[in-house]
Every structure is written in structure tokens, then in C-alpha cells.
Amino acid sequence: MTKKKKIKKKSKPKAKKKKKSKKHTKKTHKKSKGKKNSKKKSKKHSKKKKSSKKTKSKKHSKKSKKKKHSKKSKKSSKHTKKSKKKSKDDLVVSVKKETLVRGAIFGVVFLIILFIALFAGNKITENQESARLEFYVMSQCPYGTQVEDGIKSVLDEMGDAIDFSIDFIAKDLGDGKFESLHGESEVMGNIVQLCAMQYAPDRYIDMIECMNKNANSIPGNWESCAKQAGINTKSVGKCYEGNEGKKLLSESILRSNARGASGSPTIYLNDELYQGGRDALSFKRAICNQIPDHSACKDIPACTQDSDCPGKQGKIPNCQDPDTKDAKCTYTDPVEVKLYVVNDKTCLTCDSSRITEISKQLFPGVVVEQVDVSSQKGEEMVKELDLVYVPAFVFEPEVTQTYTWENQPNVRGAFELVDEKYKIKDSSTGATRFVDQEKRAEFLAKREVTLGDNKPQIDFFVMSYCPYGNQAEEAVAPVYELLGDKVEFNPRFVIYTNYADKSDNYCMDNGKYCSMHGIQELNQNIREDCAHDLFGDKALFDFALAMNKACNANNADTCWVDVAEDLELDVQKIKNCEDNEGLSYAKDEFEMTELYGVTGSPSIFIEGEAYNGARSPEAIKTALCKAFEEAPEECSTSLGEANQQANQQATQGQC
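Below is a short write-up of the structure. (Residues numbered from 1 in each chain as written. Predicted model: local features only at pLDDT ≥ 70, side-chain atom pairs only at ≥ 80, totals over all residues. Heavy atoms only, no water.)

1. Some words on the pairing of strand β15 (residues 421–424)
In step 1: Alternating positions in β15 separate into two faces, K421 and K423 on one and Y422 and I424 on the other, with burial throughout.
In step 2: Where strand β13 (residues 392–395) and β15 come together, two bridges link them in antiparallel fashion. By the bridge assignment for β15, F395 is matched with Y422.
In step 3: Across four bridges, the pairing between strand β14 (residues 415–418) and β15 is antiparallel. Note that in β15 the partner of L417 across the bridge is Y422.
In step 4: Joining the antiparallel neighbours β14 and β15 is a turn of two residues, in which D419 adopts a positive phi near 50 degrees. (Buried < 20%, exposed > 50% of the residue type's maximum accessible area, 1.4 Å probe, protein only. Helix = DSSP H or I, 4+ residues; strand = E, 2+ residues; numbered from the N terminus. Pairing = 2+ DSSP bridges.)

This is the structure in C-alpha cells:
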């Protein structure tokens, strides 16, 4: 087959679905709320009483001199969708010169959220003998395994005073079937760990720590790790292989949903959302803030850095004499600073709320003023500050006197000085809306976006095995089913060049075209492109979603055949397309990745401009429907109720 290259849409706009969607399932370490004997010096994790109905609460008592195992979390990889386009090198180059790469926003936003987390603290509670600590995680999520490893040594030392539990984040499909972000292996990992909690409440954390050392082998490594932890594998195995384990997971998911936990990890300490550090010392300090009279808390410094200080509303924390016995937390009032948010009220995708809220957290004394570009003040600011894109975030000079500015050089790096004011760089905010309408028209033309045709265009970039990209695909699919060809759906893939030292494990054609999760992901991107061109939008969505559930980045090259056959897709045609047109598809997707300035998966664009709203069917539908000149009657249909679970688990993560 000869591949038709397109930048915008083909007669068959490809809608692709790639990765196997994996959800982070919640797992719970159940612990009873039985009374603790404060005088008891037991060095083993004390067993928990059964709580009413679903949970068995487990307490961890002191365990003799266990070494702490800290674990590096895996970086979430970026996945982006690519699409076929008749891209030309000169077009890509010209667009690069005229538009800023927006991907840096995710790094800055992550950094900002990190600071917010560091400034948030837990209230100090006096005369309390125990602390309740809840983890909501996914058994194969690197960030979930990180906190489990971080808390292990603290449980060994202070388990007699910690009422600790783990629950899992997943979707209960009914009839003993579940769906988890990292696939079926994670579902089974959740179940076997719950069974270990049920039958070895004093040793299961040792088994989990062992399994975390090779999380990709979960659940297959459970038995060897159970034996290493001294756990009876017969009772755990019976639970794991039978209905009891499924029942435990259903109950665990209910507890996670009740907490509203959708991201792994979600942590609560004495019913307060915990947002501090994830290492052993940070956990220990936070727990000691709750139970300062515990013997393990006697020699721990009150703080080693400002972020260790418990948060106080509207105050800036400061650690004096850090990491000494005289260390103490003091608080100062924030500096008041004016922030102008310059925006275009006619822009459908120019959501400024997220950066505005983050700014309020970073600079507690900020006073926000909204300015529309069409107003007199807006026109003056556009001219004086030479604003090219909106929304623009402009601070008065007092921002340089704030605590964050003085102490966080990485935050300062996101700003530029413009006419004695400090503006957050467009590359850090992700702004893509041109203030000048002629420039905007030229920009959209290069992306082959046609305005005024009453047919909104959505370009969504993913990686076929990026979990966040999979979630985005699952959010877009119901919108496609509702609106069909009234909207132009362009599924695309994120392709890098010279990635991972041009290794054949990640790249083809001597490192020219690469995918973050390996060569099998790249191959699957191409197969989904082929399915899209050969069989149309619906077939592509069906194929991609089915692949997300049935296969992964380690077996996609063989697993896809059964999936395609089940969907009655012509396997030989897809194979021929992959063999003959694979490099051409990879080249097209790479050029579209560059043209749109995409750096991560998922990245979504509506009418050529970045969409930064919620990744839920209802939110995406609403944004597309606003882009119609005359919205069709389907836009009155709500996708909220039917997709409540998807909405709940919508995330802002990115590979």
C-alpha cells in the first residue's frame, strides 16, 4: 500500500489508539484500629485486629534493626501521538522559527507542584500515642513503590505507633474482573499483596519491598519474596488463586474510591493529605510531628530545610539552625505582589486557571488582575511588553522580593525581564494563541487547520504504551463515538530522534526515529497508523483500545496478531503496510511531532492550539463543541455520567 502523507487530515483522518491502557490499582494494607500498648517494646510488626466487614487493619511494630531500602522511582516516560502528514523539511524549519516549543510547561508545572508539596505540612498533634498512615498506590507504579520503600524502615522503627494501611487504585469491572493502569500483571500484583496482608500482617511489607526491587516481574516474583520474608506461601497462594483475593481487591478499590484517590501514590496522615517528601526521614519527621513523645523522635531535628516545616496558611516557613538539636521553624508574612493575567476572552483553549493557582501557591501574597487583550489596558500591555502569545502572566517587580524568588533559582529561570516587569516565559506556560490575528492565521495554516468550516479539528499525540497517553485515548474515544465525522479526529504519535544513543532497542533507521518505551512501541505506533489508513477511524480506535488492554511494550510485536484477528482486521494487510510503509509513517509522525512542538504524551490540540483542560470525555467534548460555529445536537449529550470512572481518573501526568 502506498501511504498517503498528510499534515492535517486525510480522507480518513486517523484516529489512533495505542498503548495498552494501564491503570494504577489501589492496594491496601489493612490495619485494624486495635489499641496499642505504648509500653510494649515489641520488635515485630504487631498484628492487626479485623475491622468491621472489609478491612483487616495491620499495625507495624518495631522490627529488629532492618536496613531501609530506598528506591528510585521510574521516570514517567513521555508518550506522544503522531500522525501522517505531508510534512516538508522546510515547513518544519519555518514553523520552528516562528513558534515556541510548549513542552517545557510540564517540567515547570511539575517543579511548581513539587514546591507546593514541600510547603504543605501536617499539623503537630500533642499527647497522641499513634498516627494513622494510609497509602493508596498501584503495585507497579514506580512512584507507589518508591513510597513503600521509603516507609519500610520507619515501620521497622516505629511500627508500634503507626496504624498503617495500603489500598490499591484500580477499576472494578464486576464479576471478578479488574482493570489497572499497568495491565493485568498489576491487577494480579495487587491481589497477591492484599493476600499477603491478610495472612502475614507482620511480614507482608518485607515481601512488598522485595517485589519492588524488580517491579516489572510483579506478580511472578511474589513466591520467592514471600519465602524470603518468612511467609507461608500456601495460605497466600490459595487466597491469590481463588475468589478471596478478588474480593479483597474489590474492597480495597472501594476504600480508594472513598478517599478520592486517583493518582499513585495518594497519602493521608491522620486524615490530612500528605504532600511532603517521600524518603524515610521525611516520613519519620511528619509522623513525629503527630506523636512527638515517641522515643524514636527524641533526636530527630525539627527541620533540616524550610520544606520540613509544617505549613501555615498564608505564611512563609523558615528553618532556623537546620539539622541541629536547636533547629526550629519560624514563619513570616508573604510579600504582596501584583500579577496581571493577559488573555483573550474569545480563545476557547486559553485556560489560565492552572498557572494562576500555582502562582498563588508559590507567591502567597499575589494579587491577581485579569486583563483582556481587547481592553484599553490590554492593548497598552501588548504594545509595551511586546506580547506575542496569550495567556501571558506578568508580575510587578516586587516578585523579586518574595521568599520563592530568593530561594528557588529554578523558579526564577521560568521568568524573563520585560520593561521592568517579570513575565513567565511562553515556553513555560505553553501559550500558543497569537495576539496578532494575521500571525495566528499564518500559524494555523502551517498546521493545516481550517477555521470557519464548522468542523473542529483535534490532534492528539500519544505513545502507544504511555499510560497517560492510554488514558487520553480512552477519554477521546467516547467523544469520537458521540460526534463522529462532525469533528476531524487526528490521532498522532510522538516520535523522537537519536533517543537512547540511537539503540536498536528504541530506534529504527540508525537512530532517526525512536520511541520512549522501546522498538515494540514504535512498531505498534506504525501498525496503528496502518490500521487507521486501511480501515478507518473506528477500526483504529477499536484496535488501539484493545491493544492497550491485551498487550504491552514488551510483547506487542507478537500479541497484536490475536487482537487484530479478534477484531476481524486483515492481519496480512497490516503486516504488508508495516513492512513497506513503516519508515514513511515514522518520518511523517516525527515531522508532525516537530511541527507541533510536542515533547510528551499525551499532548492535545484543538483547532491547532494547545488544550490544557481536563482529560475527561466531558471536558474534551465541551472544548470541541465550543469550537463549532453551529454546534450539533450531540453536544447537548453529557458524557459525565456514563464515564464517571474515566472522569475520576483523568490525570495531568505525561510521559
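Now that the structure is up, let's keep going.
2. Some words on the pattern of salt bridges
In step 1: Per the counting criterion, the structure on display carries 27 salt bridges.
In step 2: Between E634 and K486 there is a salt bridge; the shortest N-O distance is 3.3 Å. Taken as a pair, E634 in the loop between α21 (617–626) and α22 (644–648) and K486 in the loop between α16 (467–483) and β18 (488–493) lie far apart in primary sequence, 148 residues in all.
In step 3: A salt bridge links E578 to R527, with the shortest nitrogen-to-oxygen separation between them at 3.2 Å. Highlighted residues: E578 in helix α20 (residues 571–595) and R527 in helix α17 (residues 519–535), separated in sequence by 51 residues.
In step 4: Residue classification places E578 among the buried residues on the basis of a relative accessible area of 19%.
In step 5: By relative accessible area, which is 1% here, R527 ends up buried.
In step 6: A single network of salt bridges, built from pairs that share partners, joins D344, R433, R440 and E609. (Salt bridge = Lys/Arg side-chain N within 4 Å of Asp/Glu carboxyl O.)

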